[in-house]
Amino acid sequence: MLPPKPGTGDKPKQQTIALNLYLNPAGLKMAEIKAQQLSGELALDKFDWNTWLYGDRSLNVESVKYWIDLFEKDYFKRKAKTPQTQTTWDSEYKAMFARLAPDSKLTSDVLLKLVTDTVPDSRQRIRACMVGGALAKFAKIDLDLKPYRGNYNAAIIPKDIPSDRQIAQWYYSIPNPAWQYVFGICAAYGISNHEFFYCDLESLQHEPGHLISHYRKDHYGKRKLWCLYPEWWQEWELYKSRPVPQMSGKDNRTKGSRITKAYKRYGICKPTWVRHAWAIRAMRFMPDAMAARQMAHSLQVHNNTYQRWINEEHEAEMYRILMQRGDRPKPPKIE
């Protein structure tokens, strides 16, 4: 009965150790010696897998490559291998792990350097902390990377979010009906570019024009998205079935890239900017918690991401709308 190999989480069990010896008298003699050595190490509680796995030199139980391979297997045991999870693995984890020397020993210093080599208060720093922390926890390395996360929001340069008028003008300027439809859906419902491929477009045929998305679905197995403005659902005839561009791709990044390139081709801003515009628009229609759910965000992420885009013009319009409500509080009357 041998202890579990590092990172497997197995229970002690009978296992095979390959010695890579020739099947001859000398090999048999050496195997007998190794068996006695193994028995002694187990009896003295000194058994170490790192000294017994040299038959496969690529399997160094202390190396970065060994732990990343185990981590990847565990990741897809916990999550179904879908285009969404594959995109997350490739863009978040694999891209960051590629910065590590595969044959080096995985230590806290190696993971800390992975983090400190990124620019402070950047998205890469946040990603490095997330990925490095997950690997450290998996490999049972005592390392706290939270103090290095910084403030990503402070490092972002404010973008010129398109106005609703500009978005409507872009919609009517797209000459290709299929791409016009894609842009209309993304703009009116605030979905990300690759989420378009997870939407039930037939759901738009029924009033009041809610869109059913199966991307980042909730406990009901779907998310029901609201059209903002509902007039766009009617004016742009989003309820009518139309052909959509033929796009193929093995993962979300590839599919989303096709939409991003189409926006650029038609002189439209990045898809994320249109999504930002929907989030700001939603602040005039619904509570933040509801808008966050519509966008599949936590409330904290939603507020941290979008509240900084509110300018004086948005505040003035929100104030006007609130003051026109018939049920708003009124000042006391003094007789």
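Here the structure is a predicted model, which is why all the values come from computation and not from measurement.

*Asks:* How would you summarise the overall build of the chain if you had to cite specific residues and measurements?
*Replies:* A count of helical and extended segments in the chain gives 13 helices and three strands. Relative to a compact globule of 335 residues, whose C-alpha radius of gyration would be 20 Å, the chain shows 28 Å and is clearly more extended. Referenced to the eigenvectors of the C-alpha coordinate spread, the extents of the chain come out at roughly 100 × 60 × 35 Å. Burial analysis of the chain (335 residues in total) assigns 37% to the buried set. Considering only intrachain contacts with a sequence separation of at least 6, the fraction spanning at least 24 residues in the chain is 60%. Side-chain charges in the chain split into 51 positive and 36 negative, and the spacing between the mean points of these groups amounts to 3 Å.

*Asks:* Give me the lowdown on the sheet that holds strand β2 (residues 211-213), citing residues and values where you can.
*Replies:* Pairing between sheet strands relies on hydrogen bonds along the backbone, with the strands arranged either parallel or antiparallel. Ordered by their spatial adjacency, three strands build an open sheet running β1-β2-β3, and the pairing between neighbours is antiparallel. Edge positions in the sheet fall to β1 (199-200) and β3 (223-225), since each has one partner strand and no second. Judged from the two bridges that link them, β1 and β2 form a sheet pairing that is antiparallel. Within β2, the position partnered with C199 by the bridge is S213.

*Asks:* Describe in detail a nonpolar patch on the surface, supporting the description with residues and values.
*Replies:* Judged by side-chain polarity, L21, M30 and I33 come together as a nonpolar surface patch covering roughly 240 Å² of accessible area. Locating I33 in the fold gives a position in helix α1 (residues 25-43).

*Asks:* Could you give an account of the packing of helix α7 (residues 177-189) against helix α9 (residues 252-265), with specific residues and numbers?
*Replies:* Where α7 meets α9, the axes come as close as 11 Å, and the angle between the chain directions of the two elements is 105 degrees. The orientation of α7 with respect to α9, classified from their angle, is roughly perpendicular. Side by side, α7 and α9 meet where W179, V182, F183 and C186 of the first sit next to R258, I259, A262, Y263 and R265 of the second.

*Asks:* I'd like to hear about the environment of D90, residue by residue, with values.
*Replies:* With respect to the helices and strands, D90 occurs in helix α3 (residues 83-97). Of the residues examined, D90 reaches a relative accessible area of 23% and is grouped as partly exposed. For the pair formed by D90 and C269, sequence separation is 179 residues and the distance between their alpha carbons is 25 Å. The contacts of D90, once residues within four sequence positions are left out, are A95 and D251.

*Asks:* Give a description of the confidence of the model for the chain that names residues and reports values.
*Replies:* Here the chain averages 85 in pLDDT, while 91% of its residues score no lower than 70. Long-range and interchain partners of residues 55-59, a stretch whose pLDDT sits below 50, account for four contacts in this model, where long-range means more than four residues apart.

*Asks:* Kindly report on the side chain of R127, identifying the contributing residues and their values.
*Replies:* Relative to the elements of secondary structure, R127 occurs in helix α5 (residues 123-138). For R127, a relative accessible area of 16% translates into the label buried. Of note is the side chain of R127, whose polar atom sits 2.9 Å from the side chain of E92. Residues contacting R127, with those up to four places away along its chain left out, are S91, E92 and M96.

*Asks:* Could you give an account of the nonpolar core, with specific residues and numbers?
*Replies:* Among the nonpolar cores identified, the biggest contains 35 residues, and I167, F183, I185, Y189, I191, W236 and L238 are the most heavily contacted of them. The set of elements that each furnish at least two residues to this core consists of α6 (164-173), α7, α8 (230-235), α9 and α10 (271-282). Looking at this core, the element that brings in the most residues is α7, giving nine residues. Ignoring sequence-local partners within four residues, the contact set of I167 consists of P162, F183, A187, W232, W236, V274, A277 and R281. Counting residues in each nonpolar core, the second largest holds 26 residues, with F97, V115, F138 and L145 among its members.

*Asks:* Help me get a handle on the pattern of salt bridges, residues and values and all.
*Replies:* Opposite charge on two side chains makes pairing possible when the charged atoms of those side chains draw close. In the structure shown here, the tally under the stated rule is eight salt bridges. Between E92 and R127 there is a salt bridge; the shortest N-O distance is 2.9 Å. Placement of E92 in helix α3 and of R127 in helix α5 is noted, with a sequence separation of 35 residues between them. Accessibility classification places E92 together with R127 in one group, the buried group. Between D327 and R325 there is a salt bridge; the shortest N-O distance is 3.0 Å.

*Asks:* So, α1: which residues are in play, and what are the values?
*Replies:* With 19 residues, α1 should cover 27 Å at 1.5 Å per step; its first-to-last C-alpha distance of 27 Å lies within 8% of that length. Within the sequence span of α1, burial applies to G27, K34, L38 and E41. In an axial view of α1, the angular spread of the buried residues amounts to 65 degrees, which keeps them on one side of the axis. Structural note: α1 exposes P25, L28, Q36 and A43 on the side pointing more than 90 degrees away from its buried face. In the segment just after α1, D45 is the residue with positive phi, at about 60 degrees.

*Asks:* If you had to explain the environment of P243 to someone new, which residues and values would you point to?
*Replies:* Following the sequence through the fold, P243 ends up in the loop between α8 and α9. Judged by relative accessible area, which is 66%, P243 ranks as exposed. When the C-alpha atoms of P243 and D144 are compared, they prove to be 51 Å apart, with 99 residues separating the residues in sequence.

Rules of the game
Residues numbered from 1 in each chain as written. Predicted model: local features only at pLDDT ≥ 70, side-chain atom pairs only at ≥ 80, totals over all residues. Heavy atoms only, no water. Helix = DSSP H or I, 4+ residues; strand = E, 2+ residues; numbered from the N terminus. Rg over C-alpha atoms; globule rule 2.2 N^0.38 Å. Buried < 20%, exposed > 50% of the residue type's maximum accessible area, 1.4 Å probe, protein only. Contact = heavy atoms within 4.5 Å. Lys, Arg positive; Asp, Glu negative; His and termini not counted. Charge placed at Lys NZ, Arg CZ, Asp CG, Glu CD. Pairing = 2+ DSSP bridges. Patch = residues over 30% accessible without salt bridge, like charges linked within 9 Å, V, L, I, M, F, W, Y side chains within 5 Å. Areas by Shrake-Rupley, 256 points an atom, 1.4 Å probe, with all protein chains shown as cover. Salt bridge = Lys/Arg side-chain N within 4 Å of Asp/Glu carboxyl O. Axes fitted to C-alpha atoms, helices over the stretch in contact; angles between N-to-C directions. Parallel < 35°, antiparallel > 145°, perpendicular 65-115°, else oblique. pLDDT = per-residue confidence, 0-100. Polar contact = N/O pair within 3.5 Å; in protein donor to acceptor, adjacent residues only side chain to side chain. Core = buried A, V, L, I, M, F, W, Y, C linked by side-chain atoms within 4.5 Å. Expected span 1.5 Å × (residues − 1). Arc of directions from axis to C-beta.

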